[in-house]
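Inside the fold
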Amino acid sequence: MLKPASLAELKAELQTLPPEELLALCLRLARFKQDNKELLSYLLFEAADTDGYTAQVQQAISEGFAQVNTSTVFFAKKSIRKILRQVNKVARYAANKEMEVALHLHFLQELLQLPHHITHSSLVDKMARTHHQKISKLIKGLHEDLQYDYRRRLEAIELP
């Protein structure tokens, strides 16, 4: 199997290509992988308005939690993991620490609003505590003013 070129090699080669070929390469990448298409859509249409995009994603998180099957902890955990994968994907696309913290905080708030028998199960309780620690670490990477605001929001969230 062939070894892919390094990022530096790819960058050097892309700089030599004319714009028409770059466009063709981007479209070809978008055609073959859903993740590439989603990232390209974000970069082209959503990256300029991070606040609006954050609100859209938070709305999608809320809708996802509204559809969680709470009949058993097993089904709830599967749905929660699916939502968390989407949150992580969006955060990776945005590469914006403030947006990432805001999305993860919203996820944790929605998680803790699930019915009592779900949030107090050992699986979901551990997930919430782990996520709380992750958010705390993410907050440390922000500007001091933002750290204070987000830390207060995080402290306001009571874990079961």
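So, a few notes on the structure that sits alongside this text. This one's a predicted model, so the numbers in the text were calculated from it and none came from an experiment.

**Section: the pattern of salt bridges**
- By the definition in use, this model includes four salt bridges.
- For the salt bridge of Lys 89 with Asp 35, the shortest nitrogen-to-oxygen distance reads 3.4 Å. With Lys 89 in helix α5 (residues 73-94) and Asp 35 in helix α3 (residues 34-46), the pair connects residues that are 54 residues apart, well separated along the chain.
- A relative accessible area of 16% places Lys 89 in the buried class.
- Lys 97 is paired through a salt bridge with Glu 100; the nearest N and O atoms lie 3.7 Å apart. Taken together, the residues Lys 97 and Glu 100, both in helix α6 (residues 97-111) and three residues apart, mark about one turn of the helix.
- Residue classification places Lys 97 among the partly exposed residues on the basis of a relative accessible area of 47%.

**As for α6**
- For α6, with 15 residues, the first-to-last C-alpha span of 21 Å sits near the 21 Å given by 1.5 Å per residue.
- Across the 15 residues of α6, twelve count as buried, placing the element largely inside the fold.
- Within the sequence span of α6, burial applies to Met 99, Glu 100, Val 101, Ala 102, Leu 103, His 104, Leu 105, His 106, Phe 107, Leu 108, Glu 110 and Leu 111.
- If you check the start of α6, you find a side-chain oxygen 3.0 Å away from the backbone N of Glu 98, and it comes from Asn 96.

**Brief notes about the packing of helix α4 (residues 50-66) against α5**
- It is the contact of α4 with α5, at a shortest axis distance of 10 Å, that shows an interaxial angle of 170°. On the basis of their axis angle, the class for α4 and α5 is roughly antiparallel. Here Tyr 53, Val 57, Ile 61, Gly 64 and Phe 65 of α4 come into contact with α5, specifically with Ile 80, Ile 83, Val 87 and Val 90.
- For the contact of α4 with α5, the per-class residue count stands at eight nonpolar, one polar and no charged.

**What to know about the packing of aromatic side chains**
- Going through the model one piece at a time under the given rule, you end up with three aromatic pairs.
- With a centroid separation of 4.9 Å and 50° between ring planes, the pair formed by Tyr 42 and Tyr 53 is classed as tilted. Taken together, the residues Tyr 42 in helix α3 and Tyr 53 in helix α4 connect sequence positions eleven residues apart. With respect to burial, Tyr 42 and Tyr 53 carry one shared label: buried.
- Where Phe 74 meets Phe 75, the ring centres are 5.5 Å apart and the plane angle is 65°; that geometry is what we call edge-to-face.
- Taking the relative accessible area as the measure of exposure, Phe 74 reaches 53% and is therefore exposed.
- A relative accessible area of 39% means that Phe 75 is categorised as partly exposed.

**Examining the side chain of His 131**
- You can see His 131 is positioned in helix α8 (residues 122-139).
- Assessed through its relative accessible area of 5%, His 131 is described here as buried.
- Excluding residues within four positions of it along the chain, His 131 makes contact with Leu 84, His 104, Phe 107 and Leu 108.

Cut-offs used in this document
One numbering rule holds for all chains: residues counted from 1, following each sequence as written. Thresholds applied to this predicted model are a pLDDT of at least 70 for local features of residues and 80 or more for the giving and counting of side-chain atom pairs; totals over whole chains, interfaces and linings are not thresholded and use all residues. Working from all heavy atoms in the structure, the side-chain values ignore hydrogens and water. Criterion for a salt bridge: a side-chain nitrogen of Lys or Arg within 4 Å of a carboxyl oxygen of Asp or Glu. A run of H or I in DSSP becomes a helix once it reaches four residues, and a run of E becomes a strand once it reaches two; helices and strands are each numbered from the N terminus. Each residue is assigned to one of three classes by its accessible area relative to the maximum for its type, calculated with a 1.4 Å probe on protein chains only: buried under 20%, partly exposed between the two thresholds, exposed over 50%. In this analysis, the expected span of each helix is defined as 1.5 Å times one less than the number of residues it contains. N or O atoms within 3.5 Å of each other form a polar contact, as long as, within protein, one can give a hydrogen and the other can take it, and as long as residues adjacent in sequence are counted only when both atoms are side-chain atoms. Interaxial angles span 0 to 180 degrees and are taken between N-to-C directions of axes, which are lines fitted to C-alpha atoms, for helices over the stretch in contact. The scheme is simple: roughly parallel for angles under 35 degrees, roughly antiparallel for over 145, roughly perpendicular for 65 to 115, oblique for anything else. Residues are treated as being in contact if the distance between any of their heavy atoms lies within 4.5 Å. Three classes are used, and their members are as follows: Ala, Val, Leu, Ile, Met, Phe, Trp, Tyr, Cys and Pro are nonpolar, Asp, Glu, Lys and Arg are charged, and the others, Gly among them, are polar. Here is the rule: rings of Phe, Tyr and Trp (six-membered ring for Trp) pair when centre to centre is within 6.5 Å. Planes less than 30 degrees apart are stacked, more than 60 are edge-to-face, and the remainder are tilted.

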